[in-house]
Amino acid sequence: MSRYKFIKDKIQNGTSVYMPYVLMGYPDAETSFQVAKTLIDNGVHGLEIGFPFRDPVADGSVIETAANIALDNGFTVDTGFSVIERVRALSPDIPLTLMLYYNMVLARGIDQFFADCHAAGIDGVLIPDMPPERADTVCFAAKHNGIDLVFIAAPTTTAERLDIISRVASGFIYVVTRMGITGSVENYSDQLSGLFTLIKSKIDLPAIAGFGISTPEQARKMIAAGADGVITGSKIVELTTKSMDDLARHTQDMVRG
Amino acid sequence: MTNQDTGFFGDYGGTYSPEALMPILEALRVAFREIEQDPNFMAGFLSIMKSWGGRPTPLYFAENLSRDSGAQIYLKREDLMHGGAHKTNNAIGQVLLAKRMGKTRIIAETGAGQHGVATAMACAKLNMPCVVYMGAVDVARQAPNVERMKLLGAEVIAVQSGGKTLKDAINEALRDWIASCETTHYVIGTAAGPHPFPTMVRFLQEIIGREARAQCLEEIGRLPDYALACVGGGSNAIGLFSGFMKDSSVQLIGIEPGGHGIETDKHGAVLCKGSVAVLHGMKTLGLQNKDGQIFETHSISAGLDYPLIGPEHAYLRDSGRASYVAENDDEAVRAFHTLSRYEGIIPALESSHAVSYALKLARQKPNSVILVNLSGRGDKDLAHVKDYVETYHVTL
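Residues numbered from 1 in each chain as written. Chains lettered and ligands numbered in written order. Predicted model: local features only at pLDDT ≥ 70, side-chain atom pairs only at ≥ 80, totals over all residues. Heavy atoms only, no water.

Caption draft 1: Local environment of the overall build of chain A. The secondary structure content of chain A amounts to 12 helices and nine strands. In summary, chain A has a C-alpha radius of gyration of 17 Å against a globular reference of 18 Å for 257 residues, a match within 12%. Along the first, second and third principal axes, the C-alpha atoms of chain A reach 45 × 40 × 35 Å. Across the 257 residues that make up chain A, the buried fraction comes to 61%. Accessible surface for chain A amounts to roughly 9500 Å². Of this, 48% is attributable to carbon and sulfur atoms. Positive and negative side-chain charges in chain A, numbering 22 and 30 respectively, have mean positions lying 5 Å apart. (Helix = DSSP H or I, 4+ residues; strand = E, 2+ residues; numbered from the N terminus. Rg over C-alpha atoms; globule rule 2.2 N^0.38 Å. Buried < 20%, exposed > 50% of the residue type's maximum accessible area, 1.4 Å probe, protein only. Areas by Shrake-Rupley, 256 points an atom, 1.4 Å probe, with all protein chains shown as cover. Lys, Arg positive; Asp, Glu negative; His and termini not counted. Charge placed at Lys NZ, Arg CZ, Asp CG, Glu CD.)

As structure tokens, this is what we get:
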């Protein structure tokens, strides 16, 4: 049984889910584990786990800078998987989604990579620079290892493309809620509720909003527009180097909705 | 065109881009396939190329350079093109296409600054606002081109992330484009990136090979034995090679930046030393570590300082149709001086890599005809070469 059922059940019961993003190895492996632990201890419904990449073209400057720090401090994919194993041990129930760029999958070897995901307790993988048209290269290995493939829908995504996405997507749909990169500028697209309506008419998966969300108010706007839950990324990265107490308070606020 | 038009060259190329860009890339693909077939578009493009751009560029017999070896070295004089390099072909073509698509803003990345200058010129002529992303290191080492872009009305943004060179400028331009793609066209400067860019940029640069082939037949009375071009992303090389692709007697050779030597970790010889990689929207070859982190490359020439390669070159290498070698920094600097003194032509440091290999080849094959694409002029490189010669005590 997929752990994404955990969030599906929550959503069915009227809960908006919160699945924040943790960048592995930032600023070092142990701290990133503590961040994940703090998030789980304070009630998040799932985690998105990022592997640092030198050229994160789908991310904003906050995550790029943090990724470079993590890599300068010695992050490797091996380290990343070993931290994930420890995170998984903290919670048997919540879904863990690994986000990383396609080249890192390719470099490890597609079969090896998905086997490692399975061994570490990962439930789904989101590769932001792998469009659904290219998913054929990883579908078999993912399925073989019981890993869901999570895809992005953006404000520019057409109904035709949602059909392509629906054929390969599982777990949930990551909805990019504004054009542009992750970060915290407040500039949401007006057509958001139209986008969520369109996605839900085409794909029977939870639609989770990400990109540019950092406060409970913004999260509520997303839920009102039709999102089943939210992801925050840059905000967690920013709070990581401040204090775990601030991070815990932020998490409680977000979980409360 | 159908969905079969996926932009693969063998296993390389394709589209590996964030979802937000996918619909825009599809619109671009459709628009490109239209202009490809549209005689009116080509007529407009060629008219600008002629009266404003200075095409056709001449084929020049480098008599003095040839004398010692016995081989005949010919130069395709892209350095004489308006703007000082072949980049103008691509910039005009893409800005014309962007206008046709109703875009109102142009962005570009640049390494040496030649593509930035070409795009700024094209935008000035075609009345479009222009933003150029350039790594902060390149801004420092290519100051004259930064001034030229500003004079032409472009905004130049110095990119401070990563190694602060071409790769980082592309990352930043892609970010801008993801945010602005509904109104903005991104003029990629080389035959790389997601489909349709590698095919579209080749289409616009094919004018080099088409002219060169006709000039060889008319002025030499035969095809060359070798066609040489430097390779960074690969646009001038693919432009030249395309003219001779079907002529199996013509050996196509791309020259990569060997930096301090390809046995060191300071070079940019992707086709000589790279492995399969996906970045900047394409599957290609790249220089990377075992986790797939792409390296920062090194070359004396900012225009060749790129850790990936246009996907068609990866395919041509694997298929054996083209071969690729590397010339290091010292060799390029020596060729820069040699061509200046022997022929009164100051080549771009990028093109100097090809000139250097041509001189070696001429000694090995004394009875051959060697065609070199002189992709740009070297005025922009004077200060940098002077510093390099003094720092590294290069024997000239």
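Caption draft 2: Region of the structure containing the sheet that holds strand β13 (residues 322-328) of chain B. All names here are of chain B. Spatially, β3-β4-β14-β9-β10-β13 is the arrangement adopted by the six strands of the open sheet, whose pairing is mixed. Edge strands, defined here as strands with exactly one partner in the open sheet, are β3 (59-61) and β13. Here the strands of the sheet are splayed against their neighbours by 25 degrees on average, with no regard to which way each runs. Relative to strand β14 (residues 369-374), strand β4 (residues 72-77) runs parallel, the two sharing six bridges. Bridge pairing links Leu-75 to Val-372 in β14. Running over the sheet, helix α9 (residues 197-220) touches β3, β4 and β14 and is turned about 140 degrees from β4. (Pairing = 2+ DSSP bridges. Axes fitted to C-alpha atoms, helices over the stretch in contact; angles between N-to-C directions. Contact = heavy atoms within 4.5 Å.)

Caption draft 3: Representation of the interface of chain B and chain A within the structure. Taken together, the contacts link 30 residues of chain B with 35 residues of chain A. Where chain B abuts chain A, roughly 2800 Å² becomes buried across the two surfaces, and 55% of that area is made up of carbon and sulfur atoms. A per-residue breakdown of the area chain B buries against chain A is headed by Glu-19, Arg-175 and Gln-293 of chain B, which together make up 25% of the total. Taken together, chain B and chain A are joined by three salt bridges. Among the salt bridges present, the one from Asp-55 of chain A reaches Lys-167 of chain B, with a minimum N-O distance of 2.9 Å. (Buried area = accessible area lost by both parts, 1.4 Å probe. Salt bridge = Lys/Arg side-chain N within 4 Å of Asp/Glu carboxyl O.)

Caption draft 4: The arrangement of the packing of helix α13 (residues 329-343) of chain B against helix α15 (residues 382-392) of chain B in detail. Residue and element names in this part refer to chain B. Two elements in contact, α13 and α15, have axes separated by 11 Å at closest approach and are oriented at 120 degrees. The angle between the axes of α13 and α15 places the two elements in the oblique class. Between α13 and α15 lies a crossing of left-handed hand. Here α13 contributes Asp-329, Asp-330, Val-333, Phe-336 and His-337 to the contact with α15, which in turn contributes Leu-382, Val-385, Tyr-388 and Val-389. (Parallel < 35°, antiparallel > 145°, perpendicular 65-115°, else oblique. Left-handed = near helix turned anticlockwise from the far one by under 90°.)

Caption draft 5: Expanded view of the packing of aromatic side chains. Residues and elements named next belong to chain A. With the rule as written, the count across this model stands at 14 aromatic pairs over all chains. Ring geometry for Phe-53 versus Tyr-101: centroids 5.1 Å apart, planes at 15 degrees, classification stacked. Of this pair, Phe-53 sits in the loop between β3 (47-50) and α3 (61-72) while Tyr-101 is found in the loop between β4 (96-99) and α5 (102-108), placing the two residues 48 residues apart along the sequence. For the pair formed by Phe-53 and Tyr-101, the shared burial category is buried. (Phe/Tyr/Trp six-rings, centres within 6.5 Å; stacked < 30°, edge-to-face > 60°.)

Caption draft 6: Local environment of helix α1 (residues 22-37) of chain B. Spanning 16 residues, α1 of chain B covers 23 Å between terminal C-alpha atoms, matching the ideal 22 Å at 1.5 Å per step. Restricting attention to buried positions, one finds in α1 of chain B the residues Met-22, Pro-23, Ile-24, Leu-25, Leu-28, Arg-29, Ala-31, Phe-32, Arg-33 and Ile-35 of chain B. (Expected span 1.5 Å × (residues − 1).)

Caption draft 7: Inspection of the nonpolar core at higher detail. Core analysis: the biggest nonpolar cluster contains 191 residues, and Leu-47, Phe-51, Ile-84, Leu-98, Phe-114 and Val-125 of chain A have the highest contact counts within it. With nine residues, α9 of chain B is the largest single contributor of residues to this core. Not counting residues within four places of it along the chain, the set of residues in contact with Phe-51 of chain A comprises Leu-23, Met-24, Phe-75, Val-77, Gly-80, Phe-81, Ile-84, Leu-98, Met-99, Leu-100 and Met-104 of chain A. With 24 residues, the next largest nonpolar core counts Ile-73, Ile-253, Leu-304 and Ile-345 of chain B among its residues. (Core = buried A, V, L, I, M, F, W, Y, C linked by side-chain atoms within 4.5 Å.)

Caption draft 8: Just the packing of helix α8 (residues 159-168) of chain A against helix α9 (residues 192-202) of chain A, in detail. All names here are of chain A. Interhelical geometry of α8 versus α9 gives an angle of 45 degrees and a closest axis separation of 9 Å. The angle between α8 and α9 falls in the class oblique. Every pair of crossing elements has a handedness; the one defined by α8 and α9 is right-handed. From α8, Ala-159, Leu-162, Asp-163 and Ser-166 reach across to α9, where they touch Leu-198, Ile-199 and Lys-202. Among the residues forming the contact of α8 with α9, the class breakdown is four nonpolar, one polar and two charged. (Nonpolar A, V, L, I, M, F, W, Y, C, P; charged D, E, K, R; others polar.)

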